[in-house]
Amino acid sequence: MAGETGGEPRAWLAVDETAAAFISRSLSSRPTIILPPPLHRAPLRPGNVVEISGPSNSGKSHLLLMAAVQCILPKEWEGIYFGGLGKSVMYLDLDCRFDVLRLARILRNRIAEGSAHLRNGDFEKDGTKDEFQCSLQNMLFSDCMQRFLYVRCYNSSEFTAALKTLQSQSRSEVLGLGIYFVMIDSIGAFYWIDRASQPVGENKGKSLQSITETVIHEIRKFLQLQPALVLVTKAPIYADGTTTANDFNRGSSKYVMEDSTVLRYSRLEEERSLSFREYMPSIWQSFVTHRINLQVEAEVPSVHENEVLSTYTSEWMQPSLKTKEKFSIVDDGVILAQ
Amino acid sequence: MSATRGRSGGGATTSGCGLKRRNAPQDHEDSEVMNQDQPSTEDWCGRFWNGMELLKDVTEKKHFLPTGLEDIDTLLGGGLRQGQLTEITGPSSSGKTQVCLHSASNIAAKQMGLIMYLDTSNSFSPSRVATIIYGIADLIGQRGFELQPKDARLKSVMKSIICESVFDIFALFEVLHQLEVSLLNDKVNNGGSKVCLLIIDSISSLLAPIIGGKYPQGRSMMISVAVILKKLADDYNLSVLVTNHMVSAGNGAVKPALGESWKTVPHVRLMISRENNICTATVLKHTLLASGRTAKFVAPSQMFGGSSPRRP
């Protein structure tokens with residue numbers, strides 16, 4: 001950030017920045033990012049680390065893709081307003097489940113939507129215009145897709161290597177436009193492997209704690225070079241009734257003496273809290289600045305036959321907003337329920 | 001056809017109709033090949049794909065492999081996708097193995113590539129496969145098949161299904177490693193038809209005994225298997241099909257045997273259940289389509305033919 005002060009070291013030394021200058025500078029260099037719902041509630045800025053947690057199939061990756069599309073779409077293109085950010089996304093895939101076709105579909109939909117607005121406001125034209133429009137759209141599509149960068153990691157060392165490469169790449173500006181969003185899907189992917197690898201002999205220092213420390217260190221270093229928003233997904237790894245729940249069984253048995261309704265209630269609560277149980281080291285938890293939790297709520301029959309649409313709830317845990325929002329996921333977007 | 005390639009070590013091979021025990025590869029050849037094509041660390045570090053490259057890779061190399069069961073294919077948007085891991089779960093005798101056998105037979109009959117069938121519970125039935133192959137109507141007319149006698153046709157189809165019995169996790173690791181080596185060989189030699197479908201029926205019977213308990217090693221191995229499978233799937237354009245049985249979740253309900261930590265592994269999860277002859281398939285999870293879609297269909301006669309569906 002030394003570059004931002006310009007080429008006047010003396011001036012920089014002489015007078016400290018006033019608060020007004022500081023706030024206007026930080027507002028202009030790190031503007032608030034508006035993400036698609038349900039991530040729109042909390043104000044996010046580059047440098048923040050957002051953790052999206054929730055069980056499998058609760059829409060975490062989908063929210064990432066929606067945010068990615070928002071980032072790679074330009075704000076305005078050929079007079080069409082898209083409201084995007086026009087910057088690059090780095091997607092670190094640890095789960096290896098990313099499907100590019102889904103990203104492509106969401107993006108195409110957004111492009112078509114934006115163009116449709118224009119056409120409505122404008123005038124109807126014949127087929128040649130449509131063809132022209134089509135090729136334009138394809139150009140925009142490939143433009144946007146090129147801003148989406150992706151790397152797949154099969155273990156923790158590849159993950160840290162990727163983070164290191166990311167830094168050197170962004171320094172040498174090979175990637176062209178600066179990376180604005182860094183996405184990690186999902187952070188707990190190698191938890192078991194790392195936990196099981198004992199710090200023996202040569203392998204010393206490969207425990208979960210130190211790997212997490214390295215990861216955080218690398219992300220911090222990257223963020224210093226390049227202010228970016230970090231979005232991380234995290235899936236729970238304990239189910240409600242696995243043998244890891246030994247403590248829970250022992251703990252609840254003492255409630256048997258008491259009222260049976262109390263038992264049932266506490267059991268439920270504990271089960272719920274167990275499935276949320278935090279497994280990342282505390283250093284990771286203090287690194288995260290924002291946290292949102294997703295849950296699958298209920299299944300409601302949809303308009304189509306043989307199809308069930310799930311509704312999901314999202315709840316901001318940090319900052320703690322005491323509201324839950326309901327939404328449902330369709331093939332290419334999120335619908336907020338009122 | 002290079003059906004005879006693979007591991008040198010032990011491991012029982014089902015000696016079914018037309019299934020050959022595979023020859024031992026020359027060891028020195030393997031080591032040479034490894035040096036040539038093994039991507040160096042530097043290579044992958046530079047491997048930042050952009051969206052267009054990914055899209056190109058998917059459209060050119062990752063196709064849908066039809067299972068031959070139309071309703072399931074429609075439900076999955078075309079079948080089993082190469083590069084992805086598909087899981088079928090369902091209660092006992094709901095037809096999980098039948099779907100596996102059906103996919104194997106269909107892809108073998110259509111000559112789309114080799115099929116590697118890892119059998120953990122001796123449920124692979126060559127005669128079942130034969131019945132299914134006879135039942136595939138559009139076989140006739142392909143590459144002069146009609147000219148061949150029935151047996152010769154069956155034999156040539158059967159040759160492209162490689163079946164191997166795997167009874168524990170360590171054998172699985174070894175088989176997967178051998179598979180990778182042989183795929184690497186194929187890639188270098190540019191030779192013949194390649195394995196395009198890997199079936200593990202059932203993976204839960206290998207993984208369930210090792211997970212749980214106080215120590216993380218079991219789960220670590222489970223995730224390692226998952227990572228290896230996904231890596232193979234992506235690097236060599238394999239489609240991986242695994243089955244997961246169901247266990248009681250209390251209150252008479254059932255749940256897939258592999259729990260929360262496995263849930264994040266498969267790209268596609270399909271649950272099937274059967275009542276009499278009506279099958280219900282539900283998409284629990286899909287990377288491309290919204291989940292929750294179901295399809296009801298009458299079990300095709302060749303799917304549950306005969307009086308005993310499992311082992312005629």
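From a predicted model like this one, the values you see are computed outputs, not experimental measurements. (Residues numbered from 1 in each chain as written. Chains lettered and ligands numbered in written order. Predicted model: local features only at pLDDT ≥ 70, side-chain atom pairs only at ≥ 80, totals over all residues.)

S.K.: Which residues make up the overall build of chain A, and what values do they have?
M.R.: A tally of regular secondary structure across chain A gives eleven helices and eleven strands. Residue burial in chain A is summarised as follows: out of 338 residues, 32% are buried. The long-range fraction of contacts in chain A, counting pairs at least 24 apart against all pairs at least 6 apart in sequence, stands at 70%. (Helix = DSSP H or I, 4+ residues; strand = E, 2+ residues; numbered from the N terminus. Buried ≥ 20, exposed ≤ 12 C-beta atoms within 10 Å, placed from the backbone. Contact = placed C-beta atoms within 7 Å.)

S.K.: Explain the overall build of chain B residue by residue, including any values.
M.R.: Within chain B one finds eleven helices and twelve strands. Looking at chain B as a whole, 42% of its 312 residues qualify as buried. Summarising the internal contacts of chain B: among those between residues at least 6 apart in sequence, 72% fall at separations of at least 24.

S.K.: Go over the confidence of the model for chain A, please, and point to the residues and values.
M.R.: Residue and element names in this part refer to chain A. Of all residues in chain A, 71% have pLDDT values of 70 or greater, and the mean over the chain is 75. Per-residue pLDDT, averaged within each element of chain A, yields its smallest value for helix 9 (residues 246-253) (36) and its largest for strand 7 (residues 229-234) (92). Low pLDDT (under 50) marks residues 239-271, which in the prediction has 22 contacts with non-local residues, meaning those over four places away or in another chain. (pLDDT = per-residue confidence, 0-100.)

S.K.: Describe the confidence of the model for chain B, with residues and values.
M.R.: Residue and element names in this part refer to chain B. Taken over all residues, the pLDDT of chain B has a mean of 76, while the share at 70 or more is 74%. Taken together, the stretch residues 1-46 has pLDDT below 50 and engages in 68 contacts with residues farther than four places along the chain or on a different chain. Note on residues 305-312: pLDDT is under 50 here. Beyond four places in sequence and across chains, it has ten contacts.

S.K.: Lay out the environment of K326 of chain A in plain terms, naming residues and giving numbers.
M.R.: Residue and element names in this part refer to chain A. Within the secondary structure, K326 is located in strand 10 (residues 324-330). Linking K326 and F190, residues 136 residues apart in sequence, is a C-alpha distance of 31 Å. The residues contacting K326, other than those within four sequence positions of it, are E297, T311, T313 and A337.

S.K.: How would you sum up the interface of chain A and chain B? Please name residues and give values.
M.R.: Opposite the 42 residues of chain A that make contact, chain B presents 39 residues. Going through the elements one at a time, helix 4 (100-121), helix 5 (127-146), strand 5 (148-152), helix 6 (156-172), helix 7 (191-196), strand 9 (308-318) and strand 10 of chain A are the ones with two or more residues in the side of chain A that touches chain B. In terms of residue count, helix 4 of chain A provides more of the side of chain A that touches chain B than any other element does, five residues in total. Judged from the two bridges that link them, strand 5 of chain A and strand 1 (residues 49-50) of chain B form a sheet pairing that is antiparallel. Paired with L149 of chain A across the bridge in strand 1 of chain B is N50 of chain B. (Pairing = 2+ DSSP bridges.)

S.K.: Give me the lowdown on helix 6 (residues 126-135) of chain B, citing residues and values where you can.
M.R.: Every α-helical turn comprises 3.6 residues, leaving residues that sit three or four positions apart pointing alike. Inspection of helix 6 of chain B places R128, V129, A130, I132 and I133 of chain B among the buried residues, and these make up the whole buried set. In the core, the buried residues of helix 6 of chain B are packed alongside helix 5 (96-109), helix 7 (150-158) and strand 6 (161-165) of chain B.

S.K.: Describe the environment of S115 of chain A, listing the residues and the values that go with them.
M.R.: Residues and elements named next belong to chain A. As for its placement among the helices and strands, S115 is situated in helix 4. The class for S115 is partly exposed, based on 19 C-beta atoms found within 10 Å. In the structure, S115 is positioned 18 residues away from Q133 in sequence and 8.6 Å away in space, judged by C-alpha atoms. Discounting chain neighbours no more than four positions away, the residues touching S115 are I80, Q133 and Q137.

S.K.: So what's going on with the pairing of strand 8 (residues 239-248) of chain B? Which residues, and what values?
M.R.: All names here are of chain B. The element strand 8 is extensively covered by neighbouring structure, given that seven of its ten residues are classed as buried. Here six bridges tie strand 4 (residues 85-90) to strand 8, and the two strands are oriented parallel to one another. In the strand pairing of strand 8, L85 is matched with V240. Sheet topology places strand 7 (residues 195-201) next to strand 8; four bridges connect them, and they run parallel. Paired with I200 across the strands is V242, a residue of strand 8. Relative to strand 9 (residues 254-256), strand 8 runs antiparallel, the two sharing three bridges.

S.K.: Now, about the nonpolar core: what can you tell me, with residues and values included?
M.R.: A68, F181 and M183 of chain A together with A104, I115, L197 and I199 of chain B are the most contacted members of the largest nonpolar core, which has 141 residues in total. Setting aside anything within four residues of it in sequence, one finds F181 of chain A in contact with A67, A68, C71, V89, A228, L229 and L231 of chain A. (Core = buried A, V, L, I, M, F, W, Y, C linked by C-beta atoms within 7 Å.)

S.K.: So what's going on with the packing of helix 5 of chain B against helix 6 of chain B? Which residues, and what values?
M.R.: Residue and element names in this part refer to chain B. One way to put it is that helix 5 packs onto helix 6 with a least axis distance of 9 Å and a crossing angle of 55°. The orientation of helix 5 relative to helix 6 falls into the category oblique. Note on packing geometry: the crossing formed by helix 5 with helix 6 is right-handed. Contacts between helix 5 and helix 6 involve L101, H102, A104, S105 and A109 on the former and, on the latter, R128, V129, I132 and I133. Classifying every residue of the contact of helix 5 with helix 6 by side-chain character gives six nonpolar, two polar and one charged. (Axes fitted to C-alpha atoms, helices over the stretch in contact; angles between N-to-C directions. Parallel < 35°, antiparallel > 145°, perpendicular 65-115°, else oblique. Left-handed = near helix turned anticlockwise from the far one by under 90°. Nonpolar A, V, L, I, M, F, W, Y, C, P; charged D, E, K, R; others polar.)

S.K.: So what's going on with unusual backbone geometry? Residues and values would help.
M.R.: Of note, the amide linkage connecting D185 of chain A to S186 of chain A takes the cis form, showing an omega dihedral of -10°. Tracing the backbone through its elements, the reader meets S186 of chain A in the loop between strand 6 (179-185) and helix 7. A cis amide bond links D201 of chain B to the next residue, S202 of chain B, at an omega of -5°. With respect to the element layout, S202 of chain B can be found in the loop between strand 7 and helix 9 (204-207).

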